[in-house]
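These are the residues of each chain, in order.
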Amino acid sequence: MDAHGTAVAVGCDRYSGGVKQSAGGALIVFEGGDGAGKSTQAAALVAALRRDGRTVTLTREPGGTPLAESVRSLVLDPSHAPVSAVTEALLFASARADHVARRIRPALERGEVVICDRFVDSSVAYQGAGRGLGTERVLELNRWAVQGLVPELTVLLDVDQTTAEARRRERALATDRMESEARAFHDAVNAAFRELAAHAPSRYLVLDASAPAAELTDAIVDRVTGILAERTEVSA
């Protein structure tokens, strides 16, 4: 559904291939609505993988490079509102292109595990569905921006809005432009995330974000370590 309640078709069958990653490297992405706990779980996964002796890069979107962080500060700053949906989508895509070229792809080529808080799916959900630009159009823009790079696994933390709003209040931090959007916007975003996952289930781990944090971490670490072990066996 888009922000106006219109059904949207997520063309993620066109996002199921992508550029082959190096034998030792893997891109793991965390997605979900604001307040889902992505940052917490990403940090927990990084700690677990490092204890296992793996070299890990933790990064985020928008951001991850000086240029992309500058774009982040611009696009999320409430003082710049209103920002047109098209401008927003292009800014996020440009930040992502720099992030992939300068940080993510070099790390993958070194054989590192890259953990990224948000990636292409966020643009598809927020600008494609939430802003009503169309998921297919936003997906195509971002496929070009990342030059076909597809995550090895996307962890979707599915959060209901009541829980998300409560968590945002608990943080007692100023909300950015996205977080301050109406509930209907966030409902459309979450629906788009679920639809993306439903179209490519083998590439997603969907978890109820209201579950205990330790339980979520165990499920994520188990899935990711299994994937990395399989990749090691194949490359041996």
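See the structure above.
Rules of the game
- Residues numbered from 1 in each chain as written.
- Predicted model: local features only at pLDDT ≥ 70, side-chain atom pairs only at ≥ 80, totals over all residues.
- Heavy atoms only, no water.
- Phe/Tyr/Trp six-rings, centres within 6.5 Å; stacked < 30°, edge-to-face > 60°.
- Helix = DSSP H or I, 4+ residues; strand = E, 2+ residues; numbered from the N terminus.
- Buried < 20%, exposed > 50% of the residue type's maximum accessible area, 1.4 Å probe, protein only.
- Arc of directions from axis to C-beta.
- Contact = heavy atoms within 4.5 Å.
- Pairing = 2+ DSSP bridges.
- Axes fitted to C-alpha atoms, helices over the stretch in contact; angles between N-to-C directions.

(A) Seen up close, the packing of aromatic side chains. Per the stated rule, a full pass over the model turns up 2 aromatic pairs. With a centroid separation of 5.9 Å and an interplanar angle of 55°, the aromatic rings of Y126 and F185 are classed as tilted. Here Y126 is found in helix α4 (residues 120–130), whereas its partner F185 is found in helix α7 (residues 183–199), with 59 residues between them in sequence. Under the relative-accessibility criterion, F185 is labelled buried at 5%. Centroid distance Y126 to F193: 6.2 Å. Interplanar angle 75°. Geometry classified as edge-to-face.

(B) Geometry of helix α2 (residues 66–76). Considered for burial, the residues of α2 that qualify are A68, V71, R72, V75 and L76. An end-on view of α2 places all buried positions within 110° of arc, on one side of the element. Those residues of α2 hidden inside the fold are in contact with β2 (56–60) and α3 (85–109).

(C) Focus on the sheet that holds strand β5 (residues 204–208). Ordered by their spatial adjacency, 5 strands build an open sheet running β2-β3-β1-β4-β5, and the pairing between neighbours is parallel. Two strands bound the open sheet, and with one partner strand each, they are β2 and β5. Averaged over neighbouring strand pairs, the angle between their axes works out to 15° when direction is ignored. In the sheet, strand β1 (residues 26–31) pairs with strand β4 (residues 153–158) via 4 bridges, with the strands oriented parallel. Note that in β4 the partner of V29 across the bridge is T154. With respect to the sheet, α3 is in contact with β1, β2 and β3 (113–117), its orientation differing from that of β2 by roughly 160°.

The analysis is restricted to geometry; functional conclusions fall outside its scope.
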